[in-house]
Number of protein chains: 2
Amino acid sequence: MGRRLVILTEGYSNPHTAKTASCLIRYRREEVLALLDSTQSGKTAQDLLGVGGTLPIVGSLAQVPEANTLLLGIAPPGGKIPEAWRPVILEAIDRGMNVMAGLHDFLTDDEEFVAAARRRGVTLTDVRKNSERDIARCQGLHDECLRVLTVGHDCSIGKMVTSVEITECLRRGGHDAKFIATGQTGIMVEGDGCPIDRVISDFVSGAVEKLVKANQHHSVLLIEGQGSLVHPSYSGVTLSLMHGAAPHALILCYEVGREFVTGLEPLRIPPLRKIKELNETMAGIFRPCPVIGIAMNSSKLDAAAAESELARVRAEFNLPVCDVIRHGPDELARAVLAYKQQVAAKRAG
Amino acid sequence: MGRRLVILTEGYSNPHTAKTASCLIRYRREEVLALLDSTQSGKTAQDLLGVGGTLPIVGSLAQVPEANTLLLGIAPPGGKIPEAWRPVILEAIDRGMNVMAGLHDFLTDDEEFVAAARRRGVTLTDVRKNSERDIARCQGLHDECLRVLTVGHDCSIGKMVTSVEITECLRRGGHDAKFIATGQTGIMVEGDGCPIDRVISDFVSGAVEKLVKANQHHSVLLIEGQGSLVHPSYSGVTLSLMHGAAPHALILCYEVGREFVTGLEPLRIPPLRKIKELNETMAGIFRPCPVIGIAMNSSKLDAAAAESELARVRAEFNLPVCDVIRHGPDELARAVLAYKQQVAAKRAG
C-alpha cells in the first residue's frame, strides 16, 4: 500500500514557502490527495501554488479519511516546526496516520510526538536525519558516468526542478539518467538521496562523494544543487556539494527578476555573468568544469517577455537556454548528451 | 584550582598529527605537566614536537600523580578516538582525572566512559559538542571592530598560530585585540569559540556571525581560518566561515614546500597567487576584502633559505610577509593596524 498523502501547508500556501508541497504535487501527483490549510479551505492547489489543477485545499483531516500519511509541506529558514502545527500533527497521529517531515527540528526528537506515535503504532519519518561521518577522499569517481550539477544565482530558484526535468527528459529518450537528490524535497520525490544541509559540515563533501559513487552505474547523474556561492547563509553548503560531487559540467539556474539575496535584502545578487564565472572558477580548481546550459525560471513573466529574455540571455552567453517548465527541458537535455559525447571523445583520444 | 594537564599523544607524537598538543604547549605551557606516549617515554616535547623544551614524555599516568586532567592531543581526519586509547582514558577516569577531547567522536556519547566518569565524579568535556541552530542574517556587524580572517593554501599550515601570534602582539602593544577560535585546539587555548566543523552545515555561517557579534566590543578580531577553499574535503567549512565572519581583510598563510593537498595527494595545490585571488574573490563578493599580509610557515627551511623565500614572496606580492614563529608577528600586526586606520579614515571621510 503506497503513500496517500495530505500535505500540511497551514498558513504558508504560497509557491515560495510551500516549495516541498509544490514539488510533491508536480512530481508525485498520484500520491497526493489534498493540501491542508484551514485559512484557504475550498480553493485548489492551482489557485495557490500554480500546480496541481483541481487538487483540493481542505480545512481538516476529517475531510480526507482515506489518507494514510501527513507530510509537512514547508521548508522555512532554520527548519523549525511552526508551533501552531503541533495540534494538527497530534491529530494525524491520533487518526492512525504516519507523519513525514523534512525540517531541521526532528519529529523523532519530540517526546510528545514520539509517545503518541508509539501508542498508535504509526511511523514518524525525518527525511533530514542522517549519520554521515566520512570526509571526501576525491577517489573512485570515474568519467564513464557524467556528473552534471545545477547551480544558481540564489536559493529557491529551480535547481531541483531543473535537475528532475532534465533527468526525466533523458529517460524518455532511453538514456540511463538518475536524479541525485541533496535536499529534503528532492529526497521525498526521488525516494533516496542525502539531506546535505543537515550533515555535520566536515562531512558534507564526503556524503556527496559517497552518494555519487553509489550511483555511477548510471550513464548520467543530474545532481541537485543547493543554495548559491553568493548567498552568505548557505554558500558553504553549496561549495561542499560542488567539491564532493566533482562535476564534469554545470547547468546555471536563475529566476528572472530576482534582484536581492533571499532573506538578506538589500544585498544585491551579482550579475549572471559574474555568477557563471564564480561557479566555473570554484568547480574548476583542479580541472575545467564549464556551464553548458542555462535554466531560466521565467514564472513571473508573460510569454512575450519570457521570449525576449530568452533571446537576450542566449545572445549574451551563446549557450543553450530554456525555461524547463515553460518550454520543456529538451534543449538542456541535448546539451548534457552533447557534453557526454565530448567527454567520451576526450577519453578515447 | 586550574587545569594540570597530561596530554595524550600515544603513538602520534609528531608535529603534524599532534597539532592540538603542540598548540597547548606553545600557548598554555604553564598548564601542561607532561605528554603521555609510552612509545616515546623518556624523550622531551622539544625532541618530538619542536616546542616545549624539557617538558617530559611519560610512559604512564602513574608518573604524573599531580595531574588532574587528561587532554586528548590529536586531531585526526574524521575525528575518531583511536581504539588503543580506550584503556588509558578509562585509567585516567579511574584515577579521578577529568578528560577533555576535541574529536568528532564524543566522550559523552560513549556509555562506558560516561558510566565510569559518573562513578568517579569526574567531568568529560567534548570541545566540539554544540547545538548551533541559527542561519547567518548578515546583520548587526559594524566597522568599528576590524575583522581579520586568516586563510591558507591548505589545512594545517599555521592559520591558528598566526591568528594567536598577531593577537598577542597587538595586546602587548596596548591594543584591544581578541583571538576568535573556530576549531577545537583554538578553543582549548582561548577558552571560548565555536567548533565550526562540527556544526550542522546550514548553521555554520550563522554560528560564526553570532561569535563575531558577541566580540565586537573589541577593537580588532583575529579570526582563526579553517581548511582551504582549494581543499575539496573542507572547502565548504572554509567558505561558511568566510561568509559568516564577513572579514574586512585577510592574512594569507602558507607553508613553504607544501605541494599537495593534504590527504588528497596527488592533487596539486594551485600557486599562491591563484590562492590569493580565489580568497579575495570569494570574500569580496559584496565589498572588497584584500589580503593585507602573508604569513609564511618556513619551519622546513634553514635560516638562509627562509630569508631567500621571504624576499621572493615580498617581491612577488608587494605585501608585508613574515614567519610569525621565526621572525615574530610584528610586521603583520603593523599591517593590521594600518588597515584599521584605512577603514576608519574611509568611514570618517
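Details of the structure are given in the entry above.
Quantities reported herein were computed from a predicted structural model and do not represent experimental measurements.

**Remarks on the environment of Cys-169 of chain A**
Its place among the elements puts Cys-169 of chain A in helix α5 (residues 159-172). In this structure the C-alpha to C-alpha distance between Cys-169 of chain A and Val-6 of chain A, which are 163 residues apart in sequence, comes to 28 Å.

**Section: the pattern of salt bridges**
Applying the stated criterion to the full structure yields 44 salt bridges over all chains. With a closest N to O distance of 2.9 Å, Arg-258 of chain A and Glu-255 of chain A form a salt bridge. Accessibility expressed as a relative area gives 14% for Arg-258 of chain A, which makes it buried. Between Arg-312 of chain B and Glu-316 of chain B there is a salt bridge, and its shortest N-O distance comes to 3.3 Å. Taken together, the residues Arg-312 of chain B and Glu-316 of chain B, both in helix α10 (residues 303-317) and 4 residues apart, mark about one turn of the helix. Here Glu-316 of chain B falls in the partly exposed class, since its relative accessible area comes to 34%. Beyond isolated ion pairs, a larger network of salt bridges with shared partners links Glu-83, Arg-86, Asp-110 and Glu-112 of chain A.

**Section: the relation of the copies chain A and chain B**
Overlaying chain A with chain B gives an RMSD of 0.0 Å, the required rotation being 180° about an axis along which the chain moves by 0.0 Å. The transformation relating the two chain copies, once decomposed into turn and shift, fits a two-fold axis. Looking at chain A, 100% of its interface residues are interface residues in chain B too, so the copies touch through the same face.

**Focus: the packing of aromatic side chains**
Residues and elements named next belong to chain A. Enumeration over the complete set of coordinates arrives at 2 aromatic pairs over all chains. Plain terms: the ring middles of Tyr-12 and Trp-85 are 6.1 Å apart, the flat faces sit at 75° to each other, and that makes the pair edge-to-face. Taken together, the residues span a long stretch of sequence, with Tyr-12 in the loop between β1 (5-8) and α1 (19-27) and Trp-85 in the loop between β4 (69-72) and α3 (86-94) at a distance of 73 residues. Tyr-12 gets classed as partly exposed once you look at its relative accessible area, which sits at 32%. Here Arg-86 stacks its cationic end above the ring of Phe-113, 4.6 Å away from the centre of that ring.

**Notes on helix α8 (residues 235-245) of chain B**
Since there are 3.6 residues in each turn of an α-helix, residues three or four apart along the chain are aligned in direction. Of all 11 residues making up α8 of chain B, 11 are buried, and the element is well covered by its neighbours. Buried residues of α8 of chain B: Ser-235, Gly-236, Val-237, Thr-238, Leu-239, Ser-240, Leu-241, Met-242, His-243, Gly-244 and Ala-245 of chain B, and no others. Taken together, the buried residues of α8 of chain B touch α8 (235-245) of chain A together with β7 (146-152), α7 (204-213), β9 (220-223) and α9 (272-283) of chain B. At the C-terminal side of α8 of chain B, Ala-246 of chain B shows a positive phi close to 45°.

**Considerations on the interface of chain A and chain B**
On the chain B side, the residues contacting the 43 residues of chain A number 43 residues. Between chain A and chain B, roughly 3,600 Å² of surface is buried when both sides are summed, and carbon and sulfur atoms account for 61% of that area. In terms of surface lost to chain B, no three residues of chain A exceed Arg-133, Asp-202 and Phe-286 of chain A, which account for 17% of the buried area on that side. Where chain A touches chain B, the interface holds 2 salt bridges. Arg-133 of chain A is paired through a salt bridge with Asp-105 of chain B; the nearest N and O atoms lie 3.4 Å apart. For the pair chain A and chain B, the number of links is 20 residue pairs in polar contact (both at pLDDT 80 or more).

**Some words on the packing of α3 of chain A against helix α4 (residues 111-120) of chain A**
Residue and element names in this part refer to chain A. The geometry of α3 relative to α4 is characterised by a closest axis approach of 9 Å and an angle of 15° between their N-to-C directions. Considering the angle they form, α3 stands roughly parallel to α4. Of the two possible hands of crossing, α3 and α4 adopt the one that is right-handed. Listed contacts from α4 to Arg-86, Ile-89, Leu-90, Ile-93 and Asp-94 of α3 are Glu-112, Phe-113, Ala-116, Ala-117 and Arg-120. Split into classes, the residues belonging to the contact of α3 with α4 amount to 6 nonpolar, no polar and 4 charged.

**Points about the nonpolar core**
One finds Met-282 of chain A together with Met-282 of chain B to be the most contacted residues of the largest nonpolar core, which totals 98 residues. Not counting residues up to four positions away in its chain, the partners in contact with Met-282 of chain A are Leu-229, Leu-239, Met-242 and His-243 of chain A together with Leu-229, Leu-278 and Met-282 of chain B.

**With respect to the pairing of strand β10 (residues 249-255) of chain B**
Residues and elements named next belong to chain B. Counting buried positions along β10 yields 7 of 7 residues, so the element is predominantly enclosed. Burial along β10 is two-sided: the face carrying Ala-249, Ile-251, Cys-253 and Glu-255 and the face carrying Leu-250, Leu-252 and Tyr-254 are both buried. For β7 and β10, the ladder comprises 5 bridges, and the chain directions are parallel. Across the sheet, Thr-150 pairs through a bridge with Ile-251, a residue of β10. As judged from the 6 bridges shared by β10 and strand β11 (residues 291-297), these two strands associate in the parallel manner. Opposite Leu-250, over in β11, you have Val-291 as the bridge partner. Between β10 and its parallel partner β11, the chain crosses via α9, and the hand of that crossover is right-handed.

Cut-off values and rules
- Residues numbered from 1 in each chain as written.
- Chains lettered and ligands numbered in written order.
- Predicted model: local features only at pLDDT ≥ 70, side-chain atom pairs only at ≥ 80, totals over all residues.
- Heavy atoms only, no water.
- Helix = DSSP H or I, 4+ residues; strand = E, 2+ residues; numbered from the N terminus.
- Salt bridge = Lys/Arg side-chain N within 4 Å of Asp/Glu carboxyl O.
- Buried < 20%, exposed > 50% of the residue type's maximum accessible area, 1.4 Å probe, protein only.
- Least-squares fit on C-alpha atoms with pLDDT ≥ 70 in both.
- Contact = heavy atoms within 4.5 Å.
- Phe/Tyr/Trp six-rings, centres within 6.5 Å; stacked < 30°, edge-to-face > 60°.
- Lys NZ or Arg CZ within 6 Å of the ring centre and 35° of its normal.
- Buried area = accessible area lost by both parts, 1.4 Å probe.
- Polar contact = N/O pair within 3.5 Å; in protein donor to acceptor, adjacent residues only side chain to side chain.
- Axes fitted to C-alpha atoms, helices over the stretch in contact; angles between N-to-C directions.
- Parallel < 35°, antiparallel > 145°, perpendicular 65-115°, else oblique.
- Left-handed = near helix turned anticlockwise from the far one by under 90°.
- Nonpolar A, V, L, I, M, F, W, Y, C, P; charged D, E, K, R; others polar.
- Core = buried A, V, L, I, M, F, W, Y, C linked by side-chain atoms within 4.5 Å.
- Pairing = 2+ DSSP bridges.
- Right-handed = clockwise from strand over helix to strand, strands pointing away.

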